[in-house]
Amino acid sequence: MSTRSKLRADFIGAVEGAFWLLVTWSSFWLGFQQQPLWCLIPITLGSIAVAATFLHRPWALALSRYRVRLSRVEMLWHVLVIPSLLAMPLWMILERLFGAITPEYQLSLVAVLSLSGWCVYVLTQLVKRSFQSLRLNRKPAA
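I will try to describe carefully the structure that is included in this document. In this text the structure is predicted, and so the values were computed from the model without any measurement.

## What about the pattern of salt bridges?
Part 1: Considering all chains together, one arrives at two salt bridges under this definition.
Part 2: Of the charged contacts in the structure, one is a salt bridge between Asp10 and Arg129, with a shortest N-O distance of 2.2 Å. In this pair, Asp10 sits in helix α1 (residues 3-32) while Arg129 sits in helix α5 (residues 103-138), placing the two residues 119 residues apart along the sequence. The same class applies to Asp10 as to Arg129, namely buried.
Part 3: A salt bridge links Glu74 to Lys128, with the nearest nitrogen and oxygen atoms 3.9 Å apart.

Written out as structure tokens, the structure is:
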């Protein structure tokens, strides 16, 4: 597998992670503004975008390649799964320390954890690419 295809797969994963962050932060912001019905707009747009990428044949083929799937799953773990699993214990700890927390701040906790997870994903990919380029540059010419 070429370095270019790995880079493309990681770029697709990072862009999709940024998209999910945009959906999370926009729904958080609208919920924080006391407009819960408007929170459905970013979620609906996100669902339509996901459905369009799976139904549009060239994108479906590009996204079904092994390396892209691997990168996207890794990104989803960093952006969606781990923050969702960490939010509840952290919320319980913060509630014990500071008292009752409103639902808006609970959602902001998930949004902040998602942002930090995406940053960890991007930094991990950058470190992996830099080590890979160093390894490729050190190989003796045959």
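## A closer look at the nonpolar core
Note on soluble globular proteins: their nonpolar side chains tend to be buried together.
Part 1: In terms of nonpolar packing, the biggest core is built from seven residues, these being Ala14, Trp20, Leu21, Val23, Met75, Val79 and Tyr121.
Part 2: Listed by contribution, the elements that provide at least two residues to this core are α1 and α4 (66-98).
Part 3: Top element by residues in this core is α1. It accounts for four residues.
Part 4: Not counting residues within four places of it along the chain, the set of residues in contact with Ala14 comprises Trp118, Tyr121 and Val122.

## Structural notes on the side chain of Asp10
Part 1: Taking relative accessible area as the criterion, Asp10 reaches 5% and is therefore assigned buried.
Part 2: Discounting chain neighbours no more than four positions away, the residues touching Asp10 are Arg67, Ser71, Tyr121, Gln125 and Arg129.

## Some details on the environment of Val79
Part 1: Relative to the helices and strands, Val79 is located in helix α4.
Part 2: Under the relative-accessibility criterion, Val79 is labelled buried at 0%.
Part 3: Taking the C-alpha atoms as reference points, Val79 and Leu113, 34 residues apart in sequence, are found 7.8 Å from one another.
Part 4: Apart from the residues within four sequence positions on either side, Val79 is in contact with Gly17, Trp20, Leu21, Ser114 and Trp118.

## Re the packing of aromatic side chains
Part 1: In the structure shown here, the tally under the stated rule is one aromatic pair.
Part 2: Measuring from ring centre to ring centre gives 5.5 Å for Phe19 and Trp20, while their planes differ by 65°; the resulting arrangement is edge-to-face.

## Describing α1
The α-helix advances 3.6 residues per turn, and as a result positions three or four apart in sequence lie on the same side.
Part 1: With 30 residues, α1 extends 43 Å between its outermost C-alpha atoms, agreeing within 8% with the 44 Å of an ideal straight helix rising 1.5 Å per residue.
Part 2: Of the residues trailing α1, Gln34 is marked for its positive phi of about 65°.

## Considerations on the environment of Lys128
Part 1: The residue Lys128 is located in helix α5 in this model.
Part 2: Once residues within four sequence positions are removed from consideration, Lys128 is found in contact with Arg67 and Glu74.

## Concerning the packing of α1 against α5
Part 1: Where α1 contacts α5, the two axes come as close as 9 Å, and the packing angle between them is 165°. It follows from the interaxial angle that α1 and α5 lie roughly antiparallel. In terms of crossing hand, the pair formed by α1 and α5 is left-handed.
Part 2: The residue inventory of the contact of α1 with α5, partitioned by class, reads 16 nonpolar, ten polar and four charged.

Reading the values: the criteria
Residues numbered from 1 in each chain as written. Predicted model: local features only at pLDDT ≥ 70, side-chain atom pairs only at ≥ 80, totals over all residues. Heavy atoms only, no water. Salt bridge = Lys/Arg side-chain N within 4 Å of Asp/Glu carboxyl O. Helix = DSSP H or I, 4+ residues; strand = E, 2+ residues; numbered from the N terminus. Buried < 20%, exposed > 50% of the residue type's maximum accessible area, 1.4 Å probe, protein only. Core = buried A, V, L, I, M, F, W, Y, C linked by side-chain atoms within 4.5 Å. Contact = heavy atoms within 4.5 Å. Phe/Tyr/Trp six-rings, centres within 6.5 Å; stacked < 30°, edge-to-face > 60°. Expected span 1.5 Å × (residues − 1). Axes fitted to C-alpha atoms, helices over the stretch in contact; angles between N-to-C directions. Parallel < 35°, antiparallel > 145°, perpendicular 65-115°, else oblique. Left-handed = near helix turned anticlockwise from the far one by under 90°. Nonpolar A, V, L, I, M, F, W, Y, C, P; charged D, E, K, R; others polar.

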